[in-house]
Amino acid sequence: MTKGFTGRLARAIHNRVMEDLNRNGTEILPYPLQRELVRNLAIAAEAAGRADLVPMWVGQSANLSTCTDVSALLTSLVEQVSEIAGPIIQWSAARREKQILK
């Protein structure tokens, strides 16, 4: 948990920016000033490829994850999406065609 990203309490993945912002003695600006400050840092960090300086938000159930192999998880997601992609693409094309014919 951190107030460092926005000035309000939020759940986050532990990385360097969270660690630095949670350090004792670090002054946190009130919302929305802290949010803007960190947002500007995040934009520059993303452009520089510095994931360690990008705020990593998580939901309230993130700690319930049992995933230990990200590669397997992503492969599984791609396979599952691929199974339903064909029918969705066909439905979407048919819908567009109906709209064009109107």
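This structure is a prediction, so every number in the text was calculated from the model and none was measured.

Draft legend 1. Representation of the overall build of the protein in the model. Helix and strand counts for the protein stand at three helices and zero strands. The C-alpha atoms of the protein give a radius of gyration of 20 Å, which is well past the 13 Å a tight globule of 102 residues would have. If you line up the protein on its principal axes, its C-alpha atoms span 65 × 40 × 30 Å. Across the protein, the centroid of the 12 positively charged side chains sits 10 Å from that of the 10 negatively charged ones.

Draft legend 2. Seen up close, helix 3 (residues 70–101). Between its first and last C-alpha atoms helix 3 spans 45 Å; for 32 residues at 1.5 Å apiece the expected length is 46 Å, and the two agree. At Ala85, helix 3 is bent by approximately 40 degrees, the largest bend along its length, and proline Pro87 sits one to four residues beyond. Capping the start of helix 3 is the job of one residue whose side-chain oxygen sits 3.2 Å from the backbone nitrogen of Ser71: Asp69.

Draft legend 3. Focus on the pattern of salt bridges. Counted under the stated rule, the structure contains six salt bridges. Linking Arg16 and Asp20 is a salt bridge whose minimum nitrogen-to-oxygen distance equals 3.4 Å. Of this pair, Arg16 and Asp20 both sit in helix 1 (residues 16–22), separated by four residues, roughly a single helical turn. When its relative accessible area of 43% is taken as the criterion, Arg16 is described as partly exposed.

Draft legend 4. Seen up close, helix 2 (residues 33–47). The end-to-end C-alpha distance of helix 2, which contains 15 residues, comes to 22 Å, matching closely the 21 Å that a straight helix rising 1.5 Å per residue would cover. Listing the buried residues of helix 2 in full gives Gln34, Val38, Ala42 and Ala45. On an axial view of helix 2, the arc spanned by its buried residues comes to 65 degrees, and they lie on one face. The secondary structure elements touched by the buried residues of helix 2 are helix 1. The first or second residue beyond helix 2 is Gly49, which carries a positive phi of 70 degrees.

Draft legend 5. Inspection of the packing of aromatic side chains at higher detail. This model, assessed by the stated rule, comprises one aromatic pair. Each ring, one from Phe5 and one from Trp57, has its centre 5.2 Å from the other, and the planes form 70 degrees; the classification is edge-to-face. Here Phe5, found in the segment before helix 1, pairs with Trp57, found in the loop between helix 2 and helix 3; they are 52 residues apart in sequence, far enough to count as distant. Directly above the ring of Tyr31 sits Arg8, whose terminal nitrogen or CZ lies 3.7 Å from the centroid.

Draft legend 6. Representation of the nonpolar core within the structure. Listed in full, the nine residues of the largest apolar core are Phe5, Ala12, Val17, Met18, Leu21, Val38, Ala45, Leu53 and Val54. Going through the elements one at a time, helix 1 and helix 2 are the ones with two or more residues in this core. With three residues, helix 1 is the single largest residue contributor to this core. Residues within four places of Leu21 in sequence aside, it is in contact with Gly4, Phe5, Thr26, Ile28, Gln34 and Val38.

Quick notes on the rules
Residues numbered from 1 in each chain as written. Predicted model: local features only at pLDDT ≥ 70, side-chain atom pairs only at ≥ 80, totals over all residues. Heavy atoms only, no water. Helix = DSSP H or I, 4+ residues; strand = E, 2+ residues; numbered from the N terminus. Rg over C-alpha atoms; globule rule 2.2 N^0.38 Å. Lys, Arg positive; Asp, Glu negative; His and termini not counted. Charge placed at Lys NZ, Arg CZ, Asp CG, Glu CD. Expected span 1.5 Å × (residues − 1). Bend = angle between axes of the 7 residues up to and from the residue. Polar contact = N/O pair within 3.5 Å; in protein donor to acceptor, adjacent residues only side chain to side chain. Salt bridge = Lys/Arg side-chain N within 4 Å of Asp/Glu carboxyl O. Buried < 20%, exposed > 50% of the residue type's maximum accessible area, 1.4 Å probe, protein only. Arc of directions from axis to C-beta. Contact = heavy atoms within 4.5 Å. Phe/Tyr/Trp six-rings, centres within 6.5 Å; stacked < 30°, edge-to-face > 60°. Lys NZ or Arg CZ within 6 Å of the ring centre and 35° of its normal. Core = buried A, V, L, I, M, F, W, Y, C linked by side-chain atoms within 4.5 Å.

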